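Remarks on the overall topology
What follows is each chain in one-letter form.
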Amino acid sequence: MAPFLETVKSFKDVPITDDGVNTVAFLEAGDGELTGLMSSVGSKAFSPVISDIQGNITKVRERYNAAPSQSATLEQLVANENNNKVGSATEGLMWLLRSLAFTGKSLQQAQSNPSEDLKVAFTKGYDVTLGPIHRSAGFFSIQGAIMKAAGLMFNTAIGYCPPRKGFYEKLAANPNGEPCSQELLDQQLNDWIAGLDTIITRMDKFYTKGKHGEIFKSA
């Protein structure tokens, strides 16, 4: 078995055409993020976060399986679901993209600041992605209570982030040999982040233009 980032599909390898982001490849990369990167954080406090992400991946995958020929890309999947006025994949994908944006921005922060604790990097990532969304709903409403609970869940998980050194060692570890070099790990991780950012940016524009929701909270 090779180091983690060599065993899963990277977001940089998810095909994007004029029709949109390939659904099957995107979900495969999402599974890798879930089972590998988030699990590498290593704290049981992240279990609710992982479960939340898995639930949204399931919603999107179930919609794809229900109408594969009309859901080849994420954009087609959302359009088809909305045209038929059925399902919850559009909302599930929105929240999945939001969670992925949180992961991507957190890792981007960690990569840009090699001396920064992982907890600090993930806090900064949260503050520019999920934080504004969780804080935007009215406090005395059902939606507000749900958002407050979600914010508490993510902030609790972030508080249990492992030491930076241990996290990177897990990503570089090779069960059958020497760990990959820091240079190779940085390259693979930066490619993963850049590929994800391309998808998030594209889908944010798509959701906003189609009035399906928003991936990032507008100022």
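The coordinates are above.
Residues numbered from 1 in each chain as written. Predicted model: local features only at pLDDT ≥ 70, side-chain atom pairs only at ≥ 80, totals over all residues. Heavy atoms only, no water.

1. Digging into the packing of aromatic side chains
Put simply, the test is: Working definition: rings of Phe, Tyr and Trp (its six-membered ring) pair if their centres are within 6.5 Å, and the pair is stacked with planes under 30 degrees apart, edge-to-face with planes over 60 apart, and tilted otherwise. The numbering of helices and of strands both runs from the N terminus, where a helix is a DSSP run of H or I of at least 4 residues and a strand a run of E of at least 2. Burial status follows relative accessibility: with a 1.4 Å probe on protein chains alone, a residue under 20% of its type maximum counts as buried, one over 50% as exposed, and anything between as partly exposed.
Going through the model one piece at a time under the given rule, you end up with eight aromatic pairs. Look at F11 and W192: their rings are 5.2 Å apart centre to centre, the planes differ by 70°, and that puts the pair in the edge-to-face class. With F11 in the segment before β1 (16-17) and W192 in helix α9 (residues 182-210), this pair connects stretches of sequence that are 181 residues apart. Here the two residues F11 and W192 agree in accessibility, since each one is buried. Look at F167 and Y168: their rings are 5.6 Å apart centre to centre, the planes differ by 85°, and that puts the pair in the edge-to-face class. Classification of F167 as buried rests on a relative accessible area of 1%.

2. As for the environment of Y126
For the record, the criterion: Whether two residues are in contact is decided by their heavy atoms, any of which lying within 4.5 Å being enough.
Within the fold, Y126 resides in helix α5 (residues 118-127). Here the alpha-carbon distance between Y126 and Y64, two residues 62 residues apart in the chain, equals 29 Å. Ignoring anything within four residues of it in the chain, the contact list for Y126 reads F102, S106, G131, P132, H134, R135, G151, F154, N155 and I158.

3. What about the packing of helix α2 (residues 47-66) against helix α3 (residues 74-84)?
Worth spelling out the cut-off: The axes are straight lines fitted to the C-alpha atoms, using for helices just the contacting stretch, and the angles between their N-to-C directions are given from 0 to 180°. When describing relative orientation, an angle under 35 degrees is termed roughly parallel and one over 145 degrees roughly antiparallel, while 65 to 115 degrees is termed roughly perpendicular and anything else oblique. Residues are sorted three ways: Asp, Glu, Lys and Arg are charged, Ala, Val, Leu, Ile, Met, Phe, Trp, Tyr, Cys and Pro are nonpolar, and all the rest, Gly among them, are polar.
Two elements in contact, α2 and α3, have axes separated by 11 Å at closest approach and are oriented at 75°. With respect to α3, the element α2 is oriented roughly perpendicular. Facing α2, whose interface residues are V60, R63 and Y64, α3 presents L77, N80, E81 and N84. Of the residues belonging to the contact of α2 with α3, the class tally is three nonpolar, two polar and two charged.

4. Quick notes on the side chain of R63
Under the convention used in this document: Only four residue types enter the tally: Lys and Arg on the positive side, Asp and Glu on the negative side; His and the chain ends are excluded. Only one rule defines a salt bridge in this text: a Lys or Arg side-chain nitrogen within 4 Å of an Asp or Glu carboxyl oxygen.
Along the chain, the position of R63 falls in helix α2. E81 provides the closest opposite charge to the buried, salt-bridge-free R63, at an N-O distance of 4.4 Å. Ignoring sequence-local partners within four residues, the contact set of R63 consists of S71, L77, N80, E81, N84, V86 and A89.

5. Notes on the environment of G87
Within the fold, G87 resides in the loop between α3 and α4 (89-112). Here G87 falls in the exposed class, since its relative accessible area comes to 67%. For G87 and K59, which are 28 residues apart along the polypeptide, the C-alpha to C-alpha distance reads 8.4 Å.

6. Some thoughts on the side chain of T90
Formally: Between N or O atoms, a polar contact is any pair within 3.5 Å; within protein, one atom must be a potential hydrogen donor and the other a potential acceptor, and residues adjacent in sequence are included only when both atoms are from side chains.
Mapping T90 onto the fold places it in helix α4. For T90, a relative accessible area of 9% corresponds to the buried category. A polar contact is formed between the side chain of T90 and the side chain of N82, at a distance of 3.1 Å. Setting aside residues no more than four positions away along its own chain, T90 makes contact with V78, E81, N82, Y207 and H212.

7. Some details on the pattern of salt bridges
In this structure the tally under the stated criterion is six salt bridges. In this structure, D13 engages K12 in a salt bridge whose closest nitrogen and oxygen atoms are separated by 3.1 Å. The shortest N-O distance in the salt bridge between K165 and E169 comes to 2.4 Å. Remark: E169 and K165 occur in helix α8 (residues 164-172); sequence separation between them is four residues, near one turn of the helix. Classification of K165 as exposed rests on a relative accessible area of 61%. A relative accessible area of 44% means that E169 is categorised as partly exposed.

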